[in-house]
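# Structure assessment
For reference, the chains in residue letters:
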Amino acid sequence: MKVSEPARLLIRLACFLPFAGGLLLIDWISVQPPVRPLATRQFEAAADTLIAGKSIWLNASAADLKAVWITRMRVPKEVVILGGSRAIQIPEEWFQPRSMFNAAVFQADLYDMVSVFQLLLETGLAPHLVVLDLNPSLTYRSKSIASALLAPGFRHALTRYRIFPPRFFQGAFSLDGPRWELGMLLQPTEWGIADPSVPSGLYRIRPDGSTDWGGARADMTPDEAEAIAVSQMHHDALDVEHWRTNSQPGWFDMKILRAFLDDLQSRGIRVVVLLAPVHPAAYDFYTNKGGYDETWIRREMAARGITVVGSYSPSAARATRADFFDGVHTRLPILHRLLSEAGGSSGR
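Thresholds, definitions, all that
- Residue positions are counted from 1 within each chain, in the order its sequence is given.
- With the structure being a predicted model, the display of local features is reserved for residues of pLDDT at least 70 and the display and counting of side-chain atom pairs for 80 or more, all residues being used for whole-chain, interface and lining totals.
- Hydrogens and water are ignored here; the side-chain numbers use all heavy atoms of the structure.
- Fitting a line to C-alpha atoms yields each axis, with helices limited to the stretch in contact; the angle taken between N-to-C directions then spans 0 to 180 degrees.
- A run of DSSP states H or I qualifies as a helix once it reaches four residues; a run of E qualifies as a strand once it reaches two. Both are numbered from the N-terminal end.
- Any angle that is under 35 degrees is reported as roughly parallel, and any over 145 degrees as roughly antiparallel; angles of 65 to 115 degrees are reported as roughly perpendicular and all others as oblique.
- Only heavy atoms matter for contacts: two residues are in contact if any of them lie within 4.5 Å across the pair.
- Nonpolar cores are built from buried Ala, Val, Leu, Ile, Met, Phe, Trp, Tyr and Cys residues. Side-chain atoms within 4.5 Å join them into one set.
- Burial status follows relative accessibility: with a 1.4 Å probe on protein chains alone, a residue under 20% of its type maximum counts as buried, one over 50% as exposed, and anything between as partly exposed.
- What makes two strands pair is DSSP finding at least two bridges between them.
- A pairing counts as a salt bridge when a side-chain nitrogen of Lys or Arg comes within 4 Å of a carboxyl oxygen of Asp or Glu.
- In this scheme, a helix's expected span is set at 1.5 Å multiplied by one less than its residue total.
- Polar contacts, as counted here, are pairs of nitrogen or oxygen atoms within 3.5 Å of one another; within protein the pair requires one atom able to donate a hydrogen and one able to accept it, and residues that are adjacent in sequence qualify only if both atoms are side-chain atoms.
- Here the aromatic set is Phe, Tyr and Trp, taking the six-membered ring for Trp, and pairing holds for ring centres within 6.5 Å; pairs whose planes are under 30 degrees apart are stacked, those over 60 apart are edge-to-face, and all others are tilted.

Across the interface, helix α5 (residues 110-122) lies against helix α6 (residues 151-161) with an axial gap of 8 Å and an inter-helix angle of 85°. The pairing of α5 with α6 is recorded here as roughly perpendicular in orientation. Of the residues in α6, those touching α5 at Y111, V114, S115, Q118, L121 and E122 are G153, F154, H156, A157, R160 and Y161.

Shown next, in the form of structure tokens:
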């Protein structure tokens with residue numbers, strides 16, 4: 001008997017139903033109370049060590065660690081840093097006498113910032129001041145979701161903003177489990193207390209959430225830093241290249257950003273946007289390709305009365321070759337100066 005084409009299509013689609021059902025079942029299991037702690041437990045001891053005032057080294061995602069860390073905090077911090085690698089070194093001492101938590105992590109984008117703030121709200125730890133380390137493209141092109149343990153917070157935030165996701169994809173139908181949780185269970189976290197015996201190439205996370213970057217050698221010359229910058233320019237991965245050469249975010253990401261800023265300001269939280277400068281050679285290279293144009297950021301923040309600190313332009317930020325250790329990451333003194341000049345790291 002000859003089978004019609006529509007019938008064949010339906011048969012083929014039906015073959016995928018068991019696979020889809022299996023994914024949904026795995027996801028549902030992964031978020032149940034007896035199972036989910038298996039994914040968070042590996043970070044709990046590390047978080048408790050940091051809360052106790054000791055620095056650590058870590059071989060896993062700092063975003064997942066900081067998600068667990070926040071849930072185990074008991075006292076809210078007055079200042080929170082949200083952003084990526086260009087802000088991870090910012091220490092609490094700059095904001096004293098106020099307390100600070102640096103929630104910035106490598107390759108973080110807008111989605112991570114929204115997720116962290118949602119988690120702070122859900123745990124009753126909303127700050128008085130938020131410093132946002134923004135990039136004009138807002139999100140990595142290949143990154144569709146926040147880190148594993150922050151992903152639920154991202155869904156909750158967007159649900160509050162009433163912009164996404166549709167009801168069908170909430171909760172157990174998000175597929176966060178099969179996409180993230182199982183990988184965490186199969187690759188146990190390794191960490192240890194950071195001491196002089198730890199190799200200098202490892203990242204050290206301090207009790208205030210800031211991270212010591214092994215690549216920021218004190219003895220690095222401006223010529224060495226520029227050589228690294230030039231190498232980076234020509235070897236960027238596709239998602240990094242898009243991140244650094246695109247200055248126009250998509251409409252959906254802009255919608256999320258505006259809802260996020262509305263959320264912060266409606267709670268009386270002061271917002272400071274940090275634009276960390278780019279190495280002079282890298283700035284010329286990337287701006288010629290359309291990157292690091294801060295026009296829309298300044299326009300958006302001016303309309304909201306939000307302070308913008310610094311500039312991607314090294315000349316506008318009065319940064320020299322000696323202020324960088326690669327193409328897009330500055331040494332601490334210039335960030336301190338920029339935040340201090342704008343009152344972002346003062347006690348005000």
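Right, picking up where we left off after that structure.
Attention shifts here to the environment of S231. If you trace the backbone, S231 turns up in helix α8 (residues 222-234). Residues S231 and D326, 95 residues apart in the sequence, show an inter-C-alpha distance of 9.3 Å.

Right, let's talk about the nonpolar core for a bit. Counting residues in each nonpolar core, the largest one holds 66 residues, and the members touching the most others are L65, L82, L132, F260, L264 and V273. Looking at which element gives the most residues to this core, the answer is α5, with eight residues. Among all residues touching L65, those that are not within four sequence positions of it are F43, A46, A47, L50, I56, L58 and I205. Counting residues in each nonpolar core, the second largest holds 26 residues, with V79, M100, V272 and L335 among its members.

Our focus in this paragraph is the pairing of strand β8 (residues 270-275). Within β8, five of the six residues are buried, which leaves the element mostly enclosed by the surrounding structure. Relative to β8, strand β4 (residues 129-133) is paired through five bridges, and the arrangement is parallel. Residue pairing for β8: V130 is matched across the bridge by V271. Bridge analysis of β8 against strand β9 (residues 307-310) gives four bridges, and the strand direction is parallel. Pairing of V272 across the sheet is with T307, part of β9.

Adjacent strands of a sheet pair through backbone hydrogen bonds, lying either parallel or antiparallel. Across the sheet, four strands lie side by side as β5-β1-β6-β7; this open sheet has antiparallel pairing. Two strands lie at the open edges of the sheet, namely β5 (191-193) and β7 (211-212), each paired on one side alone. Here strand β1 (residues 56-58) pairs with strand β6 (residues 204-205) via two bridges, running antiparallel. By the bridge assignment, I56 is partnered in β6 with I205.

Next up on the list: unusual backbone geometry. A cis geometry characterises the amide bond from Q96 onward to P97, with omega recorded as 15°. The backbone phi angle of L138 is positive, close to 70°, even though this residue is not glycine.

Using the criterion set out here, one finds 14 salt bridges in the structure. Salt-bridge contacts for R267 lead to D263; the nearest nitrogen and oxygen are separated by 2.9 Å. Among the residues examined, D263 registers a relative accessible area of 7% and is labelled buried. Two residues, R337 and E341, come together in a salt bridge whose shortest N-O distance is 3.3 Å.

We now examine helix α10 (residues 251-266). Between its terminal C-alpha atoms α10 stretches 22 Å, which fits the 22 Å expected from 16 residues at 1.5 Å a residue. Listing the buried residues of α10 in full gives D253, M254, I256, L257, A259, F260, L261, D263 and L264. The inward-facing, buried residues of α10 contact β2 (79-82), α5, β4, α6, β8 and α12 (295-304). Backbone geometry just after α10 places G268 at a positive phi near 75°.

So, about the side chain of N246. Relative to the helices and strands, N246 is located in the loop between α9 (238-245) and α10. When its relative accessible area of 17% is taken as the criterion, N246 is described as buried. A distance of 3.2 Å separates a polar atom in the side chain of N246 from the backbone oxygen of Q248. With residues near it in sequence (within four places) discarded, N246 still touches P136, S137, G290 and G291.

Along the chain, R267 turns up in the loop between α10 and β8. Sequence spacing of R267 and P127 is 140 residues, and the spatial spacing of their C-alpha atoms is 9.8 Å.

A word on the packing of aromatic side chains. What the rule picks out here adds up to eight aromatic pairs. Ring centres of W69 and F101 lie 4.9 Å apart, and the angle between their planes is 80°; on these two criteria the pair is classed as edge-to-face. With W69 in helix α4 (residues 62-72) and F101 in strand β3 (residues 100-102), this pair connects stretches of sequence that are 32 residues apart. An angle of 35° between the planes, with centres 4.6 Å apart, marks the rings of Y111 and F154 as tilted. With Y111 in helix α5 and F154 in helix α6, this residue pair connects regions lying 43 residues apart in the sequence. By relative accessible area, Y111 is classed as buried at 8%. By relative accessible area, F154 is classed as buried at 7%. Joined through ring pairs, the aromatic side chains of F285, Y286, Y292 and Y312 make up one cluster.

Pairing is parallel in the open sheet, where five strands are placed in the order β3-β2-β4-β8-β9. For this open sheet the edge positions go to β3 and β9, each flanked by a neighbour on one side alone. On average, each strand axis in the sheet is tilted by 20° relative to the strand beside it, whichever way the strands run.

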